[in-house]
Amino acid sequence: CFCAMEEDRDLQQQVARLQARVQQLEAQLLAAQQQQLPQPTAHAPPSATTTTQSTTPGPTTAFSERGMGVRVLDLSRVLAGPYTSMLLADMGADVIKIEVPGSGDDSRQFPPFKDDTSLYYINLNRGKRSMTLNLKHAEGREVFLGLVRTSDVVLENFSTGTMDRLGIGYAELKKVNPGIVYASISGFGQTGPYSSRPGYDVIAQAMSGLMSLTGWPDSPPTRAGTAVGDVAAALFTTVGILSALQERNKTGQGQMVDVALVDSLFATLGQHLQKLFIEGVEPGRIGNRYEFIAPYDSFKAADGWVIIAIANDAIWQRFVVCISEANSDCAALKAETYDLNIKRVAHHQEIKTLIEKWTTTQKVVDVVGLLNDNRIPACPIMRLAEAATDVHIAVERQMVTQIEQPSLGTVKVLGNPIKLSATTVRPQGHAPKLGEHTDEILSQVLSLSAEDIARLRSSNVL
């Protein structure tokens, strides 16, 4: 009986997947039929117009034959959303950046600039296509729905409820394309008592608890040196999108991906929260030291600072032998008092004092060289300019790369940290000018004629 029940359940799941796939195909067929209909009036919705210029690509046909086979409609701006779509574009997705006519992404006005062009914007938007579209205009919404019918992902980072008020929220979009993956990034998420609050990176750093841990015991709560909340949210959103696309491959159904900046940073604080949950002790600011492992800290050298990270007892034993030979004062570290990590955590300050009796007499390069030669994790604390020209980081790992940007020539941008063995993940092209590809997208994706596009432009839709 149990086997029969399992077979029935499997059969029901297969039927559900087939039904979902049929719904998705029906939606795509309807979109294709609408695009082949003759235009009934001069003001018909754009999705009902026709042209002989091109045929509409399928929902997974990316421009320039990109390998990922995914089309992303990117309504986001500034950092978290554009970082997400940058990762997808580098991996080969066809990212269509939909911008407000006349102004575009706010980051186009963010420094630094080269010849009045924002490098902030260029770095995050390389390899995308840009079109302008007025989503507050009825015909603008129809154009957008037409694009949704032939796309795989919609990405937005508006305030919660904005897309619903425009009439293009997830509930509406899945009606025209049941397979659409709808990704939303916001400060506090789509649910909960704070969902309507505005949220930016520094808000997330503050409300997640991260700032209470960052800094020194006698310093005020401190913001991390870069927008870690935006970047963490972008990474989680990318994972969510890829997971939802994989699930769609099985069921034919898309789904909503809801990522909050606050959640994203809160999720990074697991060890500290476990200490709070189990011991009832609230961690505080402790500088560069790591609360759970010792020594795992910054140490002063004769000409700068070094990081030494003794992550386990085996490394500790190598470390003790190494520095005891280098400095007799450090021989005290061989004591049984320090042989286990839990003991070293309790005696972290005296251990640091003993280690610095050696490091303060040495140059950074000598400390790092000796320790690395003995398979002990150590490194200099680099300035940004040093990291950006380091032969390993910038050159061998290609974390600094170049693109050809129209009107600017060759510009440096950040490489992609994802290295795949069979696929090259890299910037796929220049960052687009505002609306650079509007006509191309409307003609290729929606089969609109030049006359259709001109009319939309004169009506302030584009």
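Residues numbered from 1 in each chain as written. Predicted model: local features only at pLDDT ≥ 70, side-chain atom pairs only at ≥ 80, totals over all residues. Heavy atoms only, no water.

Chemist: Run through the side chain of N416, naming residues and quoting values.
Modeler: Looking at the secondary structure, you find N416 in the loop between strand 13 (409-414) and helix 18 (438-445). Those residues in contact with N416 that sit more than four places away from it in its chain are L87, D90, M399 and V425. (Helix = DSSP H or I, 4+ residues; strand = E, 2+ residues; numbered from the N terminus. Contact = heavy atoms within 4.5 Å.)

Chemist: Now, about the environment of F113: what can you tell me, with residues and values included?
Modeler: Topologically, F113 is positioned in strand 3 (residues 113-114). If near-sequence neighbours (up to four positions away) are discounted, F113 is found in contact with R108, S118 and L119.

Chemist: Quick rundown of the pattern of salt bridges? Include the residues and the values.
Modeler: Scanning all chains against the criterion turns up 18 salt bridges. Between R344 and D313 there is a salt bridge; the shortest N-O distance is 2.9 Å. Taken as a pair, R344 in helix 13 (residues 341-346) and D313 in helix 12 (residues 313-326) lie far apart in primary sequence, 31 residues in all. For R344, a relative accessible area of 0% puts it in the buried group. We note a salt bridge from E386 to R383, for which the minimum N-O separation is 3.5 Å. (Salt bridge = Lys/Arg side-chain N within 4 Å of Asp/Glu carboxyl O. Buried < 20%, exposed > 50% of the residue type's maximum accessible area, 1.4 Å probe, protein only.)

Chemist: Tell me about the packing of aromatic side chains, and please be specific about residues and values.
Modeler: Evaluation of the coordinates by the stated rule reveals 6 aromatic pairs. For the pair Y170 and Y182, a centre-to-centre distance of 5.8 Å together with 50 degrees between the ring planes defines the contact as tilted. Here the residue Y170 occupies a position in helix 6 (residues 170-176), and Y182 occupies one in strand 7 (residues 181-186), the gap between them amounting to 12 residues. Residue class for Y182 comes out buried when judged on its relative accessible area of 2%. Judged by centre distance (5.8 Å) and plane angle (75 degrees), the ring pair of F188 and Y194 falls under edge-to-face. By relative accessible area, which is 38% here, Y194 ends up partly exposed. Against the face of Y194 rests R197, its NZ or CZ located 4.0 Å from the ring centre. A cation sits over an aromatic face here: K352 above F299, 5.7 Å from the ring centre. (Phe/Tyr/Trp six-rings, centres within 6.5 Å; stacked < 30°, edge-to-face > 60°. Lys NZ or Arg CZ within 6 Å of the ring centre and 35° of its normal.)

Chemist: A description of helix 14 (residues 348-359) should follow, citing residues and the corresponding values.
Modeler: Its 12 residues give helix 14 an end-to-end C-alpha distance of 16 Å, which sits within 8% of 16 Å, the value for a rise of 1.5 Å per residue. Residues of helix 14 that are buried: I351, K352, L354, I355, E356, W358 and T359. (Expected span 1.5 Å × (residues − 1).)

Chemist: Pulling in residues and values, what's your account of the sheet that holds strand 10 (residues 304-309)?
Modeler: Think of a sheet as strands paired side by side through backbone hydrogen bonds, with each pair either parallel or antiparallel. Taken together, 3 strands build an open sheet; the order of strands is 9-10-11 and the sheet is antiparallel. Strands with a single pairing partner mark the edges of an open sheet, and in this sheet they are strand 9 (296-301) and strand 11 (378-380). Averaged over all neighbouring strand pairs, the angle between strand axes comes to 25 degrees, with direction disregarded. When strand 10 meets strand 11, the two strands line up antiparallel, connected through 3 bridges. Counted as the bridge partner of I307 is C379 from strand 11. Running at roughly 35 degrees to strand 9, helix 14 makes contact with strand 9 and strand 10 of the sheet. (Pairing = 2+ DSSP bridges. Axes fitted to C-alpha atoms, helices over the stretch in contact; angles between N-to-C directions.)

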